[in-house]
Amino acid sequence: VCSSDLQLHVYRIWSDRRSDLDEVVSRLNMGISFTELAKNYDEVTGGDMSWFPRGVLFSRDLEEKIFALNVGEHTEILEIDGVYNIFYAAEKQTGRVMDTQVEQLAQRKALSDWLEEQKKQAVIEIF
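Keep in mind that this is a model prediction, so the values were computed, not measured. (Residues numbered from 1 in each chain as written. Predicted model: local features only at pLDDT ≥ 70, side-chain atom pairs only at ≥ 80, totals over all residues. Heavy atoms only, no water.)

Asker: In this structure, what is going on with the overall build of the protein? I would like to understand it.
Answerer: Looking only at helices and strands, the protein has four helices and four strands in total. Counting the 127 residues in the protein, one finds 31% classified as buried. Of all intrachain contacts in the protein linking residues separated by at least 6 positions in sequence, the fraction that spans at least 24 positions is 65%. Put simply, the protein shows about 8,300 Å² of open surface, and 48% of that area lies on carbon and sulfur atoms. (Helix = DSSP H or I, 4+ residues; strand = E, 2+ residues; numbered from the N terminus. Buried < 20%, exposed > 50% of the residue type's maximum accessible area, 1.4 Å probe, protein only. Contact = heavy atoms within 4.5 Å. Areas by Shrake-Rupley, 256 points an atom, 1.4 Å probe, with all protein chains shown as cover.)

Spelled out as structure tokens, the structure:
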């Protein structure tokens, strides 16, 4: 992953209760800003997940759903490990320098992927 890769600035609203996110969807449909609503659900980060490129934070299926969004769009309600989530694409940008934490995640993922590939190709003989 390099700084020329497309990066996405994502916000998230989540809850253990589906009914909370049904209410969020109703408010979004009334025209209330996603980022304003997100502040009500996460007082620390305001739902801001920061910027990231493909292959860093999500499963491939979830990543495809998020990167398919146009700026200003949100996903449907998605259940992930018993938690209900809505993701929002605030901005997309190519050529943006990665945040340090995201760069470290990308490096760890690249190393992990490389190790897995090496394990698949390895031939171990016991004499």
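Asker: What's the story with the pattern of salt bridges in this structure? I'm lost.
Answerer: When the charged atoms of two side chains lie near each other, side chains of opposite charge can form a pair. Within this structure, the stated rule accounts for eight salt bridges. Ionic pairing is found between Glu116 and Lys119, a salt bridge with its closest N-O pair at 3.6 Å. Placement of both Glu116 and Lys119 in helix H4 (residues 100–121) is noted, with a separation of three residues, approximately one turn of the helix. Within this structure, Asp61, Lys65 and Glu76 form a network of salt bridges that share partners. (Salt bridge = Lys/Arg side-chain N within 4 Å of Asp/Glu carboxyl O.)

Asker: I'm lost on the pairing of strand S4 (residues 83–94) in this one. Help?
Answerer: Along any regular strand, the residues point their side chains to alternate faces of the sheet. The sheet contact formed by strand S1 (residues 6–15) and S4 spans ten bridges and is antiparallel. Bridging from a neighbouring strand, Arg12 pairs with Phe87 of S4. Looking at chain direction, strand S3 (residues 78–80) and S4 are connected through three bridges and run antiparallel. Counterpart to Ile80 in the pairing with S4 is Val83. Connecting S3 to the antiparallel partner S4 that follows it, the hairpin turn spans two residues, and Asp81 within it adopts a positive phi of roughly 50 degrees. (Pairing = 2+ DSSP bridges.)

Asker: Even after reading the chapter, I still don't get the sheet that holds S1, so can you show me in this structure?
Answerer: By definition, the strands of a sheet pair up through backbone hydrogen bonds, in either a parallel or an antiparallel sense. Spatially, the four strands line up as an open sheet ordered S2-S1-S4-S3, and their pairing is antiparallel. Looking along the sheet, the strands with just one partner apiece sit at the ends: strand S2 (48–53) and S3. For this sheet, the mean inter-axis angle between neighbouring strands, taken without regard to orientation, is 40 degrees. In the packing of helix H2 (residues 34–41) onto the sheet, contacts are made with S1 and S4, and the angle to S1 comes to roughly 50 degrees. Sheet contacts for helix H3 (residues 60–67): S1, S2, S3 and S4; angle to S1, the most-contacted strand, approximately 105 degrees. (Axes fitted to C-alpha atoms, helices over the stretch in contact; angles between N-to-C directions.)

Asker: In this structure, what is going on with H2? I would like to understand it.
Answerer: Structural remark: α-helix, 3.6 residues per turn; residues separated by three or four positions point the same way. Where H2 is concerned, the buried positions are Phe34, Leu37 and Ala38. Angular distribution of buried residues about the axis of H2 spans 105 degrees; they occupy a single face of the element. Residues of H2 that are buried in the fold lie against S1, helix H1 (18–29) and S4. (Arc of directions from axis to C-beta.)

Asker: Help me out: how do you make sense of H3 in this one?
Answerer: Leu62, Glu63, Ile66 and Phe67 are the residues of H3 that are buried. The buried residues of H3 all sit within an arc of 125 degrees when viewed along its axis, so they share a single face. Exposed and oriented more than 90 degrees from the buried face of H3 are Arg60 and Asp61. In the core, the buried residues of H3 are packed alongside S1, S2, S3 and S4.

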